[in-house]
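# Commentary on secondary and tertiary structure
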Amino acid sequence: MKFWWLMKKAFVLAALYLFSSFVVCSPASATDIHDGLDAQLRANEQKHGIPGQAVLVLHNNDILYRNAIGTTALEHGAPVSPKTVFPVFSVSKLFAITLVMQLHEEGKLDISAPASRYVENLPHSWRNIRIEQFLNHVSGVPEYFDSNDFSKPFPPSLNAVFLSLKDVPLAFVPGERANYTNTNNLVIAAVVEAITQTPYRTLVRERIIKPLELNDTWLGLADVPKDRLVKSYRAMDGKIAPDLSIAWPDYSAAHGSGYMTLDDVGKFMSAIAQGRLVSKADLLRFWQPYKFANGTVGFFATGWDYGKSGRWHEVGHDGGARVRVRILFDENLDDHYVVVYLTNGNNDGVWSSTLVNSVQNLILPK
């Protein structure tokens, strides 16, 4: 009898120990993550000379971390907050990519078909290039502007872009290798407009911005509240300098004219990961890296950056050296993390993937 009493007492004490450990350790673990990320942001700020940054980490539906530090501008700036507006540059491409995935899911578009099936005024040499090849930057089409001289005028319209490139040879045979150009996304925008007979900006607003209530998202600078907008910087000769002022044409909305707050980017990325804009089943099919004829794979999966980190798949996109978004997910998208890392520049040209990796290393289960 004494033996069973001692066993029962031992069991109760063990249970109490486990319960107390759970109560004490779980919040401490969350606190450790938060403190660790706070320290990482400060370290990134110091190491890379970042004026302002805002970071959001989500695990499924839960916020693991949300913080903003630094200043919106080096002179006469304000403290960065989650309500601060950042240009997201090429992260804007994810809107066009999402539209393509939606239309494919609805049976209105076939990404394996040539883009010329839907857009009649493409250059002749582009007529057999498939939509998936434009999405994955393996089309071989040239860039539509001179990135070394932004003083040159842009073509006045999308049709003028295609006319200006009609005699320019492809850089390589489509599907042979990858070369990232913004022209690819202009073709994607032309495809979705042709299929829906709706302007691109209207499509983004009606299919993404309004359903998700992205009230702090703009395509273009005109309506952005200037008192909440960061000043953007770039690295130049080891120092930080004001970013180039580029008068992008209206049709550039397809590749880089988005302005968003931290929370709006998080809403968009979370909605994607949860299958609210495109079904999870289709996402898993879309999020396969492009395969070349020689068996190697590219860096993109239906337009999304693609990679792997242990058992986690990674998809996302960068906005150059300033911003990056990433979704990390398991085999079935049942478990996922979202990382949003926004900055307004740096002094050493650090790539945005380095910043996201510094966060990712602290949040993923070991």
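Higher on the page you've got the structure.
Keep in mind that this is a model prediction, so the values were computed, not measured.

It is worth spelling out the overall build of the protein chain at this point. For the protein chain, the helix and strand inventory stands at nine helices and 12 strands. Across its three principal directions, the C-alpha atoms of the protein chain cover 95 × 50 × 40 Å. Every one of the 366 residues in the protein chain was classed for burial, and the buried ones make up 50%. A sequence separation of at least 24 residues applies to 66% of the contacts in the protein chain between residues at least 6 apart. By element, 55% of the accessible surface of the protein chain is carried by carbon and sulfur atoms, the whole surface being about 17,400 Å². Distance from the positive charge centre (35 side chains) to the negative charge centre (36 side chains) of the protein chain: 4 Å.

All right, on to the nonpolar core then. Core analysis: the biggest nonpolar cluster contains 80 residues, and Tyr200, Phe268, Trp287, Trp304 and Ile327 have the highest contact counts within it. A total of eight residues in this core trace back to one element, the largest contributor, which is helix H2 (residues 93-105). Contact partners of Ile327, with chain neighbours within four places excluded, come to Met269, Ile272, Ala273, Trp287, Trp304, His313, Glu314, Val315, His336, Tyr337 and Val338. Val55, Ile69, Val350 and Val356 belong to the second largest nonpolar core, which has 18 residues in total.

A word on the sheet that holds strand S8 (residues 300-301). Spatially, seven strands are ordered S2-S1-S12-S11-S10-S9-S8 in an open sheet, and the strand pairing comes out antiparallel. Each edge of the open sheet is held by one strand with a lone partner, namely strand S2 (62-70) and S8. Here strand S11 (residues 323-329) runs beside strand S12 (residues 336-343); their pairing, made up of seven bridges, is antiparallel. Across the sheet, the residue bridging to Val325 is Val340, located in S12. Seen against the sheet, helix H9 (residues 352-363) touches strand S1 (52-59), strand S9 (304-309), strand S10 (312-319), S11 and S12 and runs at an angle of roughly 40 degrees to S11.

Our focus in this paragraph is the packing of aromatic side chains. Under the criterion given, the structure shown has 16 aromatic pairs. Between Trp287 and Phe329, the aromatic rings sit 5.2 Å apart at their centres with planes inclined by 40 degrees, giving tilted as the arrangement. Taken as a pair, Trp287 in the loop between helix H8 (280-286) and S8 and Phe329 in strand S11 lie far apart in primary sequence, 42 residues in all. In this structure Trp287 comes out as buried when scored by relative accessible area, which is 1%. Through successive ring pairs, a cluster of aromatic residues spans Tyr144, Phe145, Phe150, Phe154, Trp248 and Tyr251.

With that out of the way, let us pick up the pairing of strand S5 (residues 233-236). Where S5 meets strand S6 (residues 239-242), four bridges bridge the pair, whose relative direction is antiparallel. Looking at the pairing, Tyr233 lines up with Pro242 of S6.

It is worth spelling out the packing of H2 against helix H6 (residues 200-212) at this point. Their axes nearest at 10 Å, the elements H2 and H6 cross at an angle of 70 degrees. What the angle tells us is that H2 and H6 run roughly perpendicular. Two secondary-structure elements touch here, H2 through Phe95, Ala96, Thr98, Leu99, Gln102 and Leu103 and H6 through Tyr200, Leu203, Val204, Arg207 and Ile208.

With the rule as written, the count across this model stands at 17 salt bridges. Across the pair Asp250 and Arg201 runs a salt bridge whose closest N-O atoms are separated by 2.9 Å. In this pair, Asp250 sits in the loop between S6 and strand S7 (258-261) while Arg201 sits in helix H6, placing the two residues 49 residues apart along the sequence. Asp250 gets classed as exposed once you look at its relative accessible area, which sits at 56%.

The next subject is H9. The terminal C-alpha atoms of H9, which comprises 12 residues, lie 17 Å apart, in line with the 16 Å expected from a rise of 1.5 Å per residue. Turning to H9, its buried residues number three or more, namely Ser352, Ser353, Leu355, Val356, Ser358, Val359, Gln360 and Ile363.

Parameters at a glance
- Residues numbered from 1 in each chain as written.
- Predicted model: local features only at pLDDT ≥ 70, side-chain atom pairs only at ≥ 80, totals over all residues.
- Heavy atoms only, no water.
- Helix = DSSP H or I, 4+ residues; strand = E, 2+ residues; numbered from the N terminus.
- Buried < 20%, exposed > 50% of the residue type's maximum accessible area, 1.4 Å probe, protein only.
- Contact = heavy atoms within 4.5 Å.
- Areas by Shrake-Rupley, 256 points an atom, 1.4 Å probe, with all protein chains shown as cover.
- Lys, Arg positive; Asp, Glu negative; His and termini not counted.
- Charge placed at Lys NZ, Arg CZ, Asp CG, Glu CD.
- Core = buried A, V, L, I, M, F, W, Y, C linked by side-chain atoms within 4.5 Å.
- Pairing = 2+ DSSP bridges.
- Axes fitted to C-alpha atoms, helices over the stretch in contact; angles between N-to-C directions.
- Phe/Tyr/Trp six-rings, centres within 6.5 Å; stacked < 30°, edge-to-face > 60°.
- Parallel < 35°, antiparallel > 145°, perpendicular 65-115°, else oblique.
- Salt bridge = Lys/Arg side-chain N within 4 Å of Asp/Glu carboxyl O.
- Expected span 1.5 Å × (residues − 1).

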